[in-house]
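# Examination of the molecular architecture
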Amino acid sequence: MLPPIEVDLSQGTSPTVEPWLVMEDDTVRVSATLVEHGAMYPCLAYRFDTADGSVVFSGDTVPSENLVRLSQGADVLVHEVIDADYATWQFGPGPLDAAQERAVATVMGKHTSTDQIGAVAQAAGVSTLVLTHLVPASIPTERWEQAVSGFDGRVVVGQDLLELNVRSGM
């Protein structure tokens, strides 16, 4: 049995932590870390290391140093993403009022936007970035792919029943 991990929940935000071991057997090693998702606390990202390679799942989060640390050396990062303009364009044309501005800040304070995701994947050092939990889901695949900048690896837009070879990202 693994020793318990202690996390100070009174802060309301995720402190900088080292990833910790969740479980390990002969086929998989599972690690986790804290990530930021607005007022939802605590939130976790997970890493799965196997003989076939390593995959990290971000969960819902803003860009996170804890996630970058967890992802170092992984083959694939599966990361949620929101279109950078989505929270604003849902209110229609024209300037936003104060309540709308707060709503936009709340939504964007819980997720990683298209203009941030490339830098996160690059800092993580992964070879493949899989975009998932796409907001809004109606954006065409090509637009999601084109929205990622600052990442030298392969970008895959996740879809139901997608299968990837972990090492090659294909």
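Residues numbered from 1 in each chain as written. Predicted model: local features only at pLDDT ≥ 70, side-chain atom pairs only at ≥ 80, totals over all residues. Heavy atoms only, no water.

## Quick word on the pattern of salt bridges
If you walk through the whole model with that rule in mind, you get 4 salt bridges. Residue Arg 143 is joined to Asp 83 by a salt bridge in which the shortest nitrogen-to-oxygen separation is 3.0 Å. With a gap of 60 residues between them, Arg 143 in helix 5 (residues 141-147) and Asp 83 in the loop between strand 5 (76-82) and helix 2 (86-89) connect regions that are remote in the sequence. The exposure class of Arg 143 is partly exposed, given its relative accessible area of 41%. (Salt bridge = Lys/Arg side-chain N within 4 Å of Asp/Glu carboxyl O. Helix = DSSP H or I, 4+ residues; strand = E, 2+ residues; numbered from the N terminus. Buried < 20%, exposed > 50% of the residue type's maximum accessible area, 1.4 Å probe, protein only.)

## Structural notes on the nonpolar core
In this structure, Leu 67, Leu 77, Val 126, Leu 129, Leu 131 and Trp 144 are the most contacted members of the largest nonpolar core, which totals 23 residues. Listed by contribution, the elements that provide at least two residues to this core are strand 3 (40-50), helix 1 (65-71), strand 5, helix 4 (114-124) and strand 6 (128-135). In contact with Leu 129, other than residues within four places in its own chain, are Leu 77, His 79, Ile 117, Ala 121, Val 148, Phe 151, Arg 154, Val 155 and Val 156. With 6 residues, the next largest nonpolar core counts Val 55, Val 76, Val 130 and Val 156 among its residues. (Core = buried A, V, L, I, M, F, W, Y, C linked by side-chain atoms within 4.5 Å. Contact = heavy atoms within 4.5 Å.)

## Some details on the environment of Gly 94
Inspection of the secondary structure puts Gly 94 in the loop between helix 2 and helix 3 (98-108). Its relative accessible area of 51% is what places Gly 94 among the exposed residues. Taking C-alpha positions, Gly 94 is 37 Å from Phe 57, a pair spaced 37 residues apart along the chain.

## Focus on the environment of Pro 140
With respect to the element layout, Pro 140 can be found in the loop between strand 6 and helix 5. Spatially, the C-alpha atom of Pro 140 lies 26 Å from that of Ala 124, the residues being 16 residues apart in sequence.

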